[in-house]
Amino acid sequence: MVDAAISAPREMAAARGRSSLRKTMQRKSTIAFFMALPLIVLIVLLVLYPAIYSIHLATLNKSMERFVGWGNFTFLFKRQTFWLVVQQSCIFALTAVAFKALIGFIVAHFVHNIPAKGQRKWRGMLLVPWVIPPAMSCLAWLWLFDPSYSAFNWVLDLFGVGPVPWTGDANWARFSVILVNIWIGAPFFMIMYLAALKSVPEQLYEAAEIDGANWWQRMWYVTLPMMRNIIAITALFSLIVTFANFDIVRILTAGGPIDMTHVFATWSFRVGIEGGDIPLGATVSLFMVPILSVAAIFILRDITRRGSEV
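Just so it is clear, the model here is predicted, and its values are computed rather than measured.

Procedures and definitions
Counting from 1, residues in each chain are numbered in the order their sequence is written. For a predicted model such as this one, the threshold for reporting local features is a pLDDT of at least 70, and the threshold for listing and counting side-chain atom pairs is 80 or more; totals across whole chains, interfaces and linings nevertheless cover every residue. Excluded from the side-chain calculations are hydrogens and water; all other atoms, namely the structure's heavy atoms, are used. Note on aromatic contacts: the rings of Phe and Tyr and the six-membered ring of Trp form a pair at centre separations within 6.5 Å, being stacked when their planes are under 30 degrees apart, edge-to-face when over 60 apart, and tilted otherwise. Any residue under 20% of the maximum accessible area for its type is buried, any over 50% is exposed, and the rest in between are partly exposed; the area is computed with a 1.4 Å probe on protein chains only. In what follows, salt bridge is the name for a side-chain nitrogen of Lys or Arg lying within 4 Å of a carboxyl oxygen of Asp or Glu. Numbering of helices and strands runs from the N terminus, with a helix taken as a DSSP run of H or I at least four residues long and a strand as a DSSP run of E at least two residues long.

1. Topic: the packing of aromatic side chains
So, point 1. Inspection of every chain in the model, using the stated rule, returns 27 aromatic pairs.
So, point 2. Taking the centre distance of 5.7 Å and the plane angle of 55 degrees together, the rings of F145 and F152 count as tilted.
So, point 3. Of the residues examined, F145 reaches a relative accessible area of 2% and is grouped as buried.
So, point 4. Look at F152 and you get partly exposed, because its relative accessible area is 27%.
So, point 5. Site record: aromatic cluster; members linked through ring pairs are W141, F145, F152, W166, W172, F175 and W183.

2. Quick look at the pattern of salt bridges
Pairing between side chains of opposite charge can happen when the charged atoms of each approach one another.
So, point 1. A full pass over the atoms with the stated rule returns three salt bridges.
So, point 2. The partner of R250 in a salt bridge is E274, and the shortest N-O contact between them spans 2.6 Å. Of this pair, R250 sits in helix α12 (residues 247–252) while E274 sits in helix α13 (residues 264–274), placing them 24 residues apart in sequence.
So, point 3. Relative accessible area serves as the criterion here: at 26%, R250 is assigned to the partly exposed category.
So, point 4. The class for E274 is partly exposed, based on a relative accessible area of 40%.
So, point 5. The closest approach of N and O atoms between R270 and E274, which form a salt bridge, is 2.8 Å. Within this pair, R270 and its partner E274 are both found in helix α13, separated by four residues, close to a single helical turn.
So, point 6. The network of salt bridges with shared partners includes R250, D259, R270 and E274.

Right, here's the structure in full:
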């Protein structure tokens, strides 16, 4: 009798525990967490751990044997090449993203107005630059920019225009790497904007047309407000990818001439891998974080503000 009286509360507590666990496992938030757990583990292993380790490397000396704190950062602040890389990275990223957004928006409207039967063909052809591996397409562009066998210079020669030093002059080299980045990235903007355009209700355009709105007014007051969040998110994603771009600059110019086209990724590789100073290379790469964080805060805050107004 005594044993039964003691075991009964234990069994009731165990039953309550199993019931509580069953309810927890049936919650949508719990199910979603376990469904996303493999991705969370992958992000921790491939993103979070390398990020923390790079911060640790940035606090070490060249031989990685002594802690130097902010020494690598203060050393970079005194180098003129570092500020040139900051300037070049901002010009490269902002210019490329702006033109990719503009060209993607125009091409998306062009494809959107094509009859449905022909859209698949155009979408497939226009996505080719984005689908091709960047290293392969950059090698083709490198041939087009070649100082001796440039196809562009051959065409210019037909019109009596002298050869252009596409990768030999600093300004032309900047133009070349930005042009290639636009060519590769504009199709991504196009496909994102095309999906956004197809989600805009036709009734809004019909109502605006009945009210006497012209094409520009329909674009400004209907299309852009409905696409604004997609435009912002796409631009933010492209800005992050463009800032961290490595292959285009590395293949076309390798940072030359005279370090005039280096961006953060290529200069970090030059300093850390080729120069043998891995902590300093890690320090260079970390400078992308505050710049991209500021851009992300402004863009995401604007999206959140507009979402709260709906």
